[in-house]
Structure formats: structure tokens, C-alpha cells
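# Structural overview
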Amino acid sequence: MNVGYTAGEGFNHGYMYDGQTFTRIVVPDAQDYTAAQSINNKGEIAGYYLDLDWTTRGFLLRKGQFFEFFVPESLATVIDTITDQGAL
């Protein structure tokens, strides 16, 4: 499987591609910008998105549930890799 994101006019959506089908990945309450960066052998996906305040936050998608990551006092938090053991 592969992940990435597509750019359009006014939006970016993450996606997962299994060799036949593209599946859109959009973090709930994101501002039309979700970027899937990495997927591991368990199908866990890591990336980043813009929240409602236009702050860049990292995310982990595990078993259909989104988890948010933000380093306090930073301008942005981006997760670009997830290992097969689940380390970000």
C-alpha cells in the first residue's frame, strides 16, 4: 500500500492506494488540507493536517481512529514516518 496527497483548487486530501483503489483520507474538522506521509505494514497511517485555526498538526490513523499530535509552543507539528512497530 502507498499513501500521499493530492492538490486541488483550495484543498489537499490524503489518500491510500492499495494497487487498485484510492481511498481518501481526511482528518475530521481539518481545514481542507490533509497530507498522508507514511504507512506501515499494519496499515497505520501518519501525516499532518491544518486544524480549524490553520495550525499544522500531526496525525496518526490507527484502526479507523485519528489521533492528533502537536508540540506545544511550536509553529507546526509534522509526522513524516511511522515504523512497523508504530513509532512516529
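Refer to the structure above for everything that follows.
Reference entry: report on the structure contained in this document.

Rules and cut-offs
- Residues numbered from 1 in each chain as written.
- Predicted model: local features only at pLDDT ≥ 70, side-chain atom pairs only at ≥ 80, totals over all residues.
- Heavy atoms only, no water.
- Salt bridge = Lys/Arg side-chain N within 4 Å of Asp/Glu carboxyl O.
- Helix = DSSP H or I, 4+ residues; strand = E, 2+ residues; numbered from the N terminus.
- Buried < 20%, exposed > 50% of the residue type's maximum accessible area, 1.4 Å probe, protein only.
- Pairing = 2+ DSSP bridges.
- Axes fitted to C-alpha atoms, helices over the stretch in contact; angles between N-to-C directions.

Overall, the coordinates contain 3 salt bridges when judged by the stated rule. Ionic pairing is found between D51 and R57, a salt bridge with its closest N-O pair at 2.6 Å. For R57, the salt bridge identified is with E68, shortest N-O distance 2.9 Å. Of the two residues, R57 sits in strand β6 (residues 56–62) while E68 sits in strand β7 (residues 65–69), which places them 11 residues apart along the sequence. Here R57 falls in the buried class, since its relative accessible area comes to 17%. Within this structure, D51, R57 and E68 form a network of salt bridges that share partners.

Turning to the sheet that holds β6, a few remarks are in order. Spatially, 4 strands are ordered β4-β5-β6-β7 in an open sheet, and the strand pairing comes out antiparallel. Each having just a single partner strand, β4 (34–39) and β7 make up the two edges of the open sheet. In this sheet, adjacent strand axes meet at a mean angle of 30° when their direction is disregarded. Summarising the sheet, β6 and β7 pair through 5 bridges and their orientation is antiparallel. Counterpart to G58 in the pairing with β7 is F69.

Within a regular strand, the side chains alternate between the two sheet faces. In terms of residue burial, β6 counts as a mostly covered element, since 6 of its 7 residues are buried. When strand β5 (residues 45–50) meets β6, the two strands line up antiparallel, connected through 6 bridges. Across the sheet, the residue bridging to Y49 is R57, located in β6. The hairpin turn running from β5 into β6, its antiparallel successor, is 5 residues long, and W54 in that turn takes a positive phi close to 65°. The antiparallel pairing of β6 with β7 creates a hairpin that spans 2 residues between the two strands, and K63 there sits at a positive phi of about 50°.

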